[in-house]
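# Breakdown of the fold
For reference, the chains in residue letters:
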Amino acid sequence: MNAPVYPETLLRLDDSEQVPPPLATSGVLRYVWESRFGEILIEVIGEQTFVNGRIVEP
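One structure accompanies this document, and this report is about it. Computed from a predicted structure; not experimentally measured.

Right, let's talk about the sheet that holds strand 3 (residues 48–51) for a bit. Strand order in the open sheet formed by four strands is 1-2-3-4, with antiparallel pairing between adjacent strands. Both edges of this open sheet fall to strand 1 (28–35) and strand 4 (54–56), since each of them pairs with a single strand only. Sheet twist, expressed as the mean angle between neighbouring strand axes with direction ignored, is 30°. In this sheet, strand 4 lies alongside strand 3 in antiparallel orientation, the contact comprising three bridges. If you follow Phe 50 over to strand 4, its bridge partner there is Ile 55.

The following block contains the structure:
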């Protein structure tokens with residue numbers, strides 16, 4: 001993987017109109033996991049965990 005260690009923004013190579021989310025936000029841990037099926041955004045906010053915007057039940 002040739003991505004920077006701590007990117008501040010998730011960059012897309014397509015011409016999407018969607019604004020990329022900032023990865024450096026106070027109180028939110030964000031990780032981008034690159035699998036062979038594509039990129040997955042993992043967010044941890046307090047005690048809650050989200051994968052691609054959907055809450056993960058403990």
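Time to look at the pairing of strand 2 (residues 38–45). Here strand 1 runs beside strand 2; their pairing, made up of eight bridges, is antiparallel. What sits directly across from Tyr 31, in strand 2, is Ile 42. In this antiparallel pair of consecutive strands, strand 2 and strand 3, the connection spans two residues, and Gly 46 shows a positive phi of 65°.

Conventions used here
- Residues numbered from 1 in each chain as written.
- Predicted model: local features only at pLDDT ≥ 70, side-chain atom pairs only at ≥ 80, totals over all residues.
- Heavy atoms only, no water.
- Pairing = 2+ DSSP bridges.
- Helix = DSSP H or I, 4+ residues; strand = E, 2+ residues; numbered from the N terminus.
- Axes fitted to C-alpha atoms, helices over the stretch in contact; angles between N-to-C directions.

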